[in-house]
Amino acid sequence: MSARLLFLAAAATLGLALVGAATLLVITSDHEDNKATTIALAVTAGISFIASGLVAVWRRPENRTGYLLAAVGYLWFFGALNESNNDWLFTAGGALGSLVFGAFIHLLLAFPGGRLARRRDLWLVLSTYALVLTGSVATLLLVEVPNPKVCPGCRSTIVVGSNDGLETVLTVIVTALSLALLATVLVIVVTRYLRSRGALRRALGPVLGAGAFAMFILALQVSIDTYSVGAAEPLEWVFLAAFATVPLAFLLGVLRSRLARSGVGDLLLALGRGTPIRDALAGALADPTLEIAYWLPERERFVSADGKPLPDQPEGRATTLVDHAGRPAAALLHDPMLTHEPELVEAVVAAAGLWLDNERLQAKLRAEVAFLEAIVNASPSLLCSVDREGRIANLNDAAWQASGYVEENDVKGQLFWDAFVGPEARTEARRRFEEAAPAHEAVSFEHTFVNQLGERLTIAWSTAPLYDEDGSVRYVVCGGLDITEREQQHRQLQASEERLRAAIDASPVAIVEYALDDTITRWNPAAERIFGWTAEQVIGGKARHQPPGREAELAELFRRVRDGEVYMGVESKRVRSDGSQVNVAIAAAPIRDSDGQVVSHMALFADITERKRHEEELLASRARIVQAGDEARRQLERNLHDGAQQRLVALSISLRLAQSKVSTDPDAAEAVLEGARTELAAALDDLRELARGIHPAVLTDRGLRAAVEALAARSPVPVEFETPDEALPRPVEAAAYYVIAEELANVIKHAGATMVNVRVACEDGRAVIAVSDDGVGGADPGDGSGLSGLADRVEALGGSLSIESPPGGGTRVTASIPL
């Protein structure tokens, strides 16, 4: 005999012993008025719990529900001690008899797995055990006769003192806590049932329903017993009857599982009638949430009926594997509650194994088709099949999106040339398709069209026939590659090359490209203009514009550029085709391929001849300015020395002479002073003339118009002048004054003119000063420093000075100065 059978035999023996002892206590009790009824209900309730528990342990030893059922039955018989005539047994029954309610609540909260799922449930069970034990013991300690109406002679053997007030308080507290616990557990049980679905609700329904009803009657009895023991007494029998139905409900669930196993034949009949296997299995297991996963050995994973892969560990689902002919066929994903009915699940799996293996093969086929469809739809290429009439039978996502139709079904059935060919080419496309029949040999072509969304697409198409079983063409498969972006990039590249070529051709800088062997591969128009050789003369040859003696310079430049350096800012000379040399600024850079390797290099030559000339003119202008300053200082020194200084020296001598004659010859002294006064006036005139040569006071005090008027008044040649009404900036007025003064002086000295015209005007943000005469002309700007000095002064203000002086045609000097 196995250990489990020995355990069950011992447990059954213990149960029978408890039944016998309880029956004996009831029969011999002198305070039990309804012995037959008590034995019929109370003893039967205990027996049913023990029997149900032992059946559950025998069927599912790993499930603790059976142990809890048996525990309720064993603890239930402790209550029979209350029937004893012995005070000590009566006291023991009063202390331990209520523990059965803790076990009962434990059973309801742990059903059907036999384990408490939440910490809240654990605390409720512990609280129940503590309340019934401490409440019963406290009553026995404080009340000498615990139940005087039922058993006036039954006394507590552990009473320490009796107090009516304490007894009332204790009764109220225990009753209130008991009702609170019963209400809480009742709410949890009902809520749990209402939230359950499928197999779980089917398993919970009978047991939780009977248990909840028994708890409700118990709560009602406790509430009424507080006010009237007599009124609550009938409810005790109702509670006993309800309490006894809990194990019967459990046995009913076991019986239903057995009956369900016997109904597997109905499953086979349903499958034979063509009922979908998932629906048939869901009905047999009473689990509408059932899913079937089929095993694909080549992919080593389970897939759904439509071929889609399933997660390895489905959340909230139990898995039962199905084997057929010694190999995996499928897996059932079902409600976890079905694990408590393994016989039913095993019977269903055994009966449906063959159908599941067939479904597995179909699922494999569907998975392969789905795999191919996924590949086709994931392909960036356009794929579609066309029937022999040219209508689109099927197409992938890329083709559908390229067509621009809103729905994929809008494209199916369309003629290929209506969906993917522009209106101007549809007739030709249809003609070629009809001429290709019936063989429809493979062809390739490119076509640009505008789709339904108005997008312009270029597609490179390839077609091939798909043959039927009889060898005839069933479909024409069309594969297209969207090359719109490539074409756009090609056009952009062409445009970029055109822009680059235009920029090179329009550049004022000579652009020369050299191969790695230093032969010339590009020679732009600016290079022709600067160096004189045409592109045909130099392309393919070596550099011909290198001046003799500078070969090392060119070799070093090419070496550095080939090494990847950017070479710029070098000034040198190059030879023109006529043998002359030109000043150039050189910049060079390497040209790399896509791998970063230098394949050629380009050099830019900027003609800086004009810049060099301006630099030389600037240096000469600076030298002239310095020379003119020195000359002006020397002239000032000579004028002071020869003019005012000599007069002041003579004035000093005259004053000493007058001083010596004041006392001896007053008349002579007066004559000397008169001469000194005349000499002083002459010295003052010389100083004024000198000051006017340095900077005219009238220009500072009264402006350009008054200054020009003063120059005209002193000129022996008639002068006509015109000046603007508004004042000009002081530097501009000064420059204009000196241009006019210098030119009037030249007219007087050299021109032999009879009339001079002076015009000052503001035009386009510039002051224009023009001085013209009707003299002999032929003025040379390089002869003398006067005009050169004027040019330097004007150019220092950002302006320019021009001279027109044809022989015999007079002279015109024009200065333009920015305002």
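A brief look at the structure comes next. (Residues numbered from 1 in each chain as written. Predicted model: local features only at pLDDT ≥ 70, side-chain atom pairs only at ≥ 80, totals over all residues. Heavy atoms only, no water.)

So, about the sheet that holds strand 8 (residues 456-467). With antiparallel pairing, five strands are arranged side by side in an open sheet as 6-5-9-8-7. Only two strands of the sheet have a single partner each, and these edge strands are strand 6 (392-395) and strand 7 (443-450). The mean angle between the axes of side-by-side strands here comes to 30 degrees, regardless of whether they run parallel or antiparallel. Inspection of the sheet shows strand 8 paired to strand 9 (residues 473-482) by nine bridges, in the antiparallel sense. Looking at strand 9, one finds that leucine 466 is bridged to tyrosine 475. Packed on one face of the sheet, helix 17 (residues 484-506) meets strand 7, strand 8 and strand 9 and runs near 140 degrees to strand 8. (Pairing = 2+ DSSP bridges. Helix = DSSP H or I, 4+ residues; strand = E, 2+ residues; numbered from the N terminus. Axes fitted to C-alpha atoms, helices over the stretch in contact; angles between N-to-C directions. Contact = heavy atoms within 4.5 Å.)

Bringing a nonpolar patch on the surface into the picture now. On the surface, a nonpolar cluster with roughly 410 Å² of combined accessible area is contributed by Trp88, Leu141, Ile158 and Val160. Mapped onto the elements, tryptophan 88 comes out in helix 4 (residues 87-96). We classify tryptophan 88 as exposed; its relative accessible area is 59%. (Patch = residues over 30% accessible without salt bridge, like charges linked within 9 Å, V, L, I, M, F, W, Y side chains within 5 Å. Areas by Shrake-Rupley, 256 points an atom, 1.4 Å probe, with all protein chains shown as cover. Salt bridge = Lys/Arg side-chain N within 4 Å of Asp/Glu carboxyl O. Buried < 20%, exposed > 50% of the residue type's maximum accessible area, 1.4 Å probe, protein only.)

Among the eight residues that make up strand 17 (residues 766-773), seven are buried, leaving the element largely enclosed by the rest of the structure. The pairing of strand 16 (residues 756-763) with strand 17 spans eight bridges and is classified as antiparallel. The residue of strand 17 that forms the bridge with cysteine 762 is alanine 767. In this structure, the hairpin formed by strand 16 and strand 17 is closed by a connection of two residues, where aspartate 764 is found at a positive phi of approximately 55 degrees. For strand 17 and strand 19 (residues 812-818), the ladder comprises seven bridges, and the chain directions are antiparallel. By the bridge assignment for strand 19, alanine 770 is matched with threonine 814.

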